[in-house]
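Commentary on secondary and tertiary structure
Okay, here's what each chain looks like letter by letter:
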Amino acid sequence: MDKNTDMPIYAVDEKSGAQGGPVNQGSPEPETTAAAKPTRTLWSDAWGRLRKNKLAMIGAIWIIFIVIVALTCDLWAPQWLGSPTQIDSSQMSELSKLPPSAEHPFGTDALGRDVLCRVIYGSRISLSVGILATAISTVIGLVMGALAAYYGGIWDTIIMRLADIFLAFPYTLFVIVLIAVLGQSITNVFIAIGLLGWPSIARVFRSAILSVKENDYVDAARAMGASDARIVIRHIFPNSVASIVVYATMNIGGAILTESALSYLGMGVTPPTPSWGIMIEDGQTYLATQPWLMLFPGLAIITTVLAFTLLGDGLRDALDVKMKDA
Amino acid sequence: MDLKNQPVPEGSHLLEVDDLKMYFHTQDGVVKAVDGVSYNLDRGETLGVVGESGSGKSVTAMTIMGLIDMPPGKIEGGDVRYRGLSLFEMTEKQMQDIRGNDIAMVFQDPMTSLNPVYTIGRQLGEGLRLHRGYSKEQATKRAIELLDMVGIPNPEQRVKDYPHQFSGGMRQRVMIAMALACDPDILIADEPTTALDVTIQAQIIELMQEMQEKNGNAIIMITHDLGVVADVADKIMVMYAGRPVEFGTADEIFYNPVHPYTWGLVRSIPEALVDEKKPLTPIKGNPPSLVNVPKGCSFSPRCPYATDRCRNERPDTYTTETGHYSRCHYSMDPEFVAKNAPTNSRRRAEENGAADAVAGKGGEA
Ligand SMILES: Nc1ncnc2c1ncn2[C@@H]1O[C@H](COP(=O)(O)OP(=O)(O)OP(=O)(O)O)[C@@H](O)[C@H]1O
Ligand SMILES: [Mg+2]
C-alpha cells in the first residue's frame, strides 16, 4: 500500500490548554507542499498577535523607554539637571519649589533639587523592586505550585492552605510587619515584597500544571521513561510558562505600587535616595500651591504600572492564556 | 543494564501477567478496574485486548507500565513479570529504564500525544537521549531515519517541524516511530487508530506489523473493535468490567468462542452482516459500574442466557489444555455452546477449519 496517501487532516489542537497553540487553523496541508512551508513556531505566532495589539505595544515601548532611562541616566541626567540627591545649601532658597521651566522641566522640590532628575533616578528603585521582588515571588511560587500540582494529595493541601493563609492577611500590612521585623532597608523591601507575593503565582502555576498534566503528551513522556523532574521541567513548564509570563508581568506593576506605598509611609527607601513614593510624600504638603511636586512622580507611577498591566493583558490575549485561578 | 539483552529464563515467557488486580480507592468506593487479568506473551506475538469502553483495557496497560498514580490506585494482588523479573519489585528508577526502552506505549489520541512546543525531531530523539545517551546530533540523525522508516516523506525537512504542522495520521506514525526508537521488546498500542479515519487505520496497523516483522517485538493491541484485531492478533483477551472473560488464540476466539459476551462481540462485527445477510446484533444494556459489580457473573444482567446460578455465583476460570479460558459457568457445556454460539463463527470454522489451521496464525504457542 502506498504510505504517502494520508488524508489531509486539519492540524487543529483543541486541547493545547494553557499554551494555546496557535495552529494554522483551517488550512489543510497537502503533504507534498508542507515541507516547503516556513517553520512558524508557537512563540513567533504569539509575537505576531502581540504586535497587532496597540495598547500592549504602547505599554511595551514605555517600559523599554523607562528601562533605558534607568540604565543610562548616570551618563547624562546629572550633567543636564544636577544631582538628584545633593542639596546646594548656598542656593537652596532661590532654587526651592521653582515651577516647571525650560531649565527645570518638572520644576524643583522644596530643597532645590530638580524633580525630573529625581523622577528619573526614582525609576531605578521602582524597576529594581518590581523585577527583583517579582523574581523572588515567581521562583518560590513556581516551586510551591509545582509541588502542589504534581504530587497532589497532602502536598497540595498543605501548600494551598498556606497560600490561603497568606492571601487572607492584608497584604500591605503584612509587608510592613515583615520589614519591621527584618529591619528597614532597600534589600529588605525586595525580600518582603518578594516573599509575600508567591501565593498567587503558586495558584496560577498550579492550575496551569493541572490542565497541562491532563495532556496525553505528559503520559507519553512518562511512558518513554522520563523522570518526574524531567517531565515538569521539559514538558509541563514550557506549556504553562505562558500563564506565568502574563502573571509575572502584571505582578511587576503591583510590586512597584507596593514599594511606592511603603516609601510613602516611610517604611521603604530612606531619603535622600529618590523614590516615587517618597517624592509624593514630600510633595503632598504643597499640593495646593506647587502641585508639580506630587504630579510628576504620581504620573510616573501611574504610567509605569499601567504599562505593565497593558503589556500583561496583551500577552494574555496573544498567548491565549485562560487564568482561572487568582 | 539492558534487560532486553538478557535471555528469558527457562520456563518463563517474555511477559507474564499473573492474576493482576489493581483497584482505585476513590471517594465513591473501590473501583475494581483490573480484576484478575492473566496472560503470557512471547517475542513476535501479538495480543489483542478487546472490550467495551470502560472495561479496563487502558488501565491494565498503564498498570503494567507502572503509570498509574498510587494513590488512588493500589495493586491488590497478582504479579507482572518481564523476562522473569517482577516489575512490582523494581524501583522507580529501574522502571524508568524499562519504560520506552524495553516496553513502550503508543497512545490513543495522536492529536494530543505530542508536545506542541517541541519539534518532531526533538520528541523522536527523547527516548534515545534518555536511554542510549545519544547527543543532540546523533538523536536528530536517528530521528530522520525513524521518520523515513515509518513512511514520512521528506524526513530531513519534516524533522524540524512542529506537531501542529503534521496531520493526524502522520502524528500517529511519529508516535509509533517514537515508541520503536529504542527497539523495545514489547509495544503496547492503546487504540492507536480510533482517532483516525478508516483508510489510515489500516495503514497504521500495517505499519506496526511491518515493524514487528523487522524487529521481532511483541505487540499488545488494545481496541474496542474485535474486527480490528481479527487479522493481526495471535491471541485475544476479551475484557468485561475489569476482568478477562475469555482468552484464547485468535482462531479460538473467532471460530470457537465459548463466552456469551464474546458471542455478542462476534455478532457485532460488521463483516458478519455481509456473510449472513442478517442485521447486526448489538449487545443490549450497559456495562456495570466498576464500583458496584454484580454479585454473580458480572455479565449476567445483560446475558440472554443468565440463570439464577449466574446471578448469584461468580464463575470460575475454565481452562482447556490449549490455554483457552473462559469465565462462564456453562462454557464447558458443549451442548449449551453448540446451541447458542453465533452460527457464522462455527460455520466459518467448519468451512475453512483445515485451511486456517495451516495457513492462519503461526502463533499458537
Ligand atoms: N484515576 C482513576 N480513578 C478512578 N477510576 C478510574 C481512574 N482511571 C480510570 N478509572 C476507571 O477505570 C475504568 C476502566 O477505564 P479504562 O480507561 O481502562 O477503560 P478502557 O477499557 O480503556 O475504555 P476506552 O475504550 O473508553 O478507552 C473506568 O470505569 C474508569 O472510570
Ligand atoms: Mg482506553
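The written sequence of each chain sets the order in which its residues are numbered from 1. Chains and ligands are labelled by the order in which they are written, letters from A for the one and numbers from 1 for the other. Reporting in this predicted model follows two pLDDT cut-offs: at least 70 for local features of residues, and 80 or more for side-chain atom pairs to be given and counted; totals over whole chains, interfaces and linings ignore these cut-offs and use all residues. Only heavy atoms go into the side-chain values, all of them from the structure, while hydrogens and water stay out.

**Some words on the overall build of chain B**
Helix and strand assignments follow DSSP, with helices taken as H or I runs no shorter than four residues and strands as E runs no shorter than two, numbered in order from the N terminus. The secondary structure content of chain B amounts to 14 helices and twelve strands. Once the C-alpha set of chain B is aligned to its principal axes, its extents read approximately 65 × 45 × 40 Å. The cut-offs for exposure are 20% and 50% of the maximum accessible area for each residue type, with area from a 1.4 Å probe on protein chains only; residues under the lower value are buried, those over the upper are exposed, and the others partly exposed. Buried residues in chain B amount to 56% of all 365 residues. By the convention used here, residues are in contact when the closest approach between their heavy atoms is within 4.5 Å. Put simply, of all contacts in chain B between residues at least 6 apart along the chain, 66% involve residues at least 24 apart. Within the structure as shown, chain B displays about 14,900 Å² of accessible surface, and the carbon and sulfur contribution to it stands at 51%. Between the mean site of the 38 positive side-chain charges and the mean site of the 51 negative ones, chain B shows a separation of 4 Å. The Shrake-Rupley method, run with a 1.4 Å probe sphere, supplies the accessible areas, and residue values consider only the shown protein chains as cover. Only four residue types enter the tally: Lys and Arg on the positive side, Asp and Glu on the negative side; His and the chain ends are excluded. Every charge is mapped onto a representative atom, which is NZ of Lys, CZ of Arg, CG of Asp or CD of Glu.

**Side note on the overall build of chain A**
Of regular secondary structure, chain A possesses 13 helices and zero strands. Reading the secondary structure of chain A in the N-to-C direction produces α-α-α-α-α-α-α-α-α-α-α-α-α. Of the roughly 15,100 Å² that chain A leaves accessible, carbon and sulfur atoms contribute 68%.

**Section: the pairing of strand β9 (residues 235-240) of chain B**
All names here are of chain B. β9 sits mainly inside the fold: six of its six residues count as buried. Burial of β9 is two-sided: the residues K235, M237 and M239 facing one way and the residues I236, V238 and Y240 facing the other way are all buried. Two strands make a pair as long as DSSP finds a minimum of two bridges between them. Pairing of strand β3 (residues 46-50) with β9, which is carried by four bridges, proceeds in the parallel orientation. Within β9, the residue paired with V50 across the bridge is V238.

**Remarks on the site of ligand 1**
All names here are of chain B. Around ligand 1 there are 14 residues in total, and S53, G54, S58, V59 and E191 lie nearest to it. K57 is positioned with one of its side-chain polar atoms (N or O) 2.9 Å from an oxygen atom of ligand 1. One nitrogen or oxygen atom from the side chain of E191 is found 2.7 Å from an oxygen atom belonging to ligand 1. Mapped onto the shell around ligand 1, the elements with two or more residues apiece are β1 (15-26) and α1 (57-65). For this scheme, ten residues count as nonpolar: Ala, Val, Leu, Ile, Met, Phe, Trp, Tyr, Cys and Pro. Four count as charged, namely Asp, Glu, Lys and Arg, and the remainder, Gly too, count as polar. Considering only residue class, the shell around ligand 1 consists of four nonpolar, seven polar and three charged. Throughout, the term near means that a residue has one or more heavy atoms lying within 4 Å of the molecule or strand in question. Think of a polar contact as two N or O atoms within 3.5 Å of one another; within protein, one of them needs to be a possible hydrogen donor and the other a possible acceptor, and neighboring residues in sequence only count if both atoms come from side chains.

**Section: a nonpolar patch on the surface**
Residues and elements named next belong to chain A. Patch members must show over 30% relative accessible area and no salt bridge, and they are joined within 9 Å when carrying like charges or within 5 Å when they are nonpolar side chains of Val, Leu, Ile, Met, Phe, Trp or Tyr. The term salt bridge refers to a side-chain nitrogen of Lys or Arg lying within 4 Å of a carboxyl oxygen of Asp or Glu. Taken together, the side chains of Y151, I154, W155 and I158 define a hydrophobic patch exposed on the protein surface, amounting to about 470 Å² of accessible area. When residues in the nonpolar patch are grouped by element, the largest group, three residues, is from helix α6 (residues 153-168). Take Y151: it is sitting in helix α5 (residues 115-151).

**Comments concerning the side chain of Q203 of chain B**
All names here are of chain B. Note on placement: Q203 falls in helix α7 (residues 198-215). A relative accessible area of 7% means that Q203 is categorised as buried. A polar contact of 2.6 Å, which involves the side chain of Q203, links it to the side chain of R173.

**Some points on the confidence of the model for chain B**
All names here are of chain B. Per-residue confidence from the predictor is given as pLDDT, running between 0 and 100. Mean pLDDT over chain B stands at 83; residues scoring 70 or higher make up 90%. For chain B, per-element mean pLDDT is lowest for helix α14 (residues 343-359), which scores 49, and highest for β3, which scores 93. Contacts for the low-pLDDT stretch residues 353-365, under 50 throughout, to residues beyond four places or in other chains number 16 contacts. Among the prediction metrics, the complex's ipTM stands at 0.79, with pTM recorded as 0.71.

**Re the pattern of salt bridges**
Residue and element names in this part refer to chain B. Tallied over the full model, the rule gives 23 salt bridges over all chains. With its nearest N and O atoms 3.0 Å apart, the salt bridge here joins R302 to E52. In this pair, R302 is assigned in the loop between α11 (270-276) and α12 (308-312) and E52 in the loop between β3 and α1, connecting sequence segments 250 residues apart. For the pair R302 and E52, one class covers both residues: buried. For D79, the salt bridge goes to R81, with nearest N and O atoms at 3.3 Å.

**Brief notes about the packing of helix α9 (residues 198-213) of chain A against helix α11 (residues 228-264) of chain A**
The geometry of a pair of packed helices is captured by two quantities: the angle between their axes and the separation between those axes. All names here are of chain A. Note on geometry: axes are C-alpha line fits, over the in-contact stretch for helices, and angles between N-to-C directions span 0 to 180 degrees. Running from N to C, α9 and α11 cross one another at 140°; their axes reach a closest spacing of 9 Å. The angle between α9 and α11 places the two elements in the oblique class. Of the two elements, α9 crosses α11, and the hand of that crossing is right-handed. Between α9 and α11, the residues in contact are S200, I201, V204, F205, A208, I209, V212 and K213 and H235, I236, F237, N239, S240, S243, I244 and Y247, respectively. Small angles under 35 degrees read as roughly parallel and large ones over 145 as roughly antiparallel, with 65 to 115 read as roughly perpendicular and the rest as oblique. Handedness of a helix crossing follows the sense of rotation of the near helix relative to the far helix, less than a right angle counterclockwise being left-handed and clockwise being right-handed.

**Some points on the layout of surface pockets**
Grid points spaced at 1 Å and placed over the protein atoms alone form the basis of the search, with a cavity being a set where a 1.4 Å probe fits but cannot get out and a pocket an open set showing protein on both sides within 12 Å along at least five of seven lines. Lining residues have an atom within 4 Å of a point. Grid points are joined across faces, edges and corners, and a volume is the space filled by probe spheres set on the points. What the largest pocket holds in volume is close to 1,100 Å³. Lining the largest pocket are 38 residues, with R222 of chain A together with L67, I68, D69 and M70 of chain B positioned closest to its centre. At the level of secondary structure, the elements contributing two or more residues to the lining of the largest pocket comprise α5, α9 and α10 (216-223) of chain A together with α1 and α2 (92-98) of chain B. It is α1 of chain B that contributes the most residues to the lining of the largest pocket, five residues altogether. Each residue belonging to the lining of the largest pocket can be placed in one class, and the counts come to 20 nonpolar, seven polar and eleven charged.

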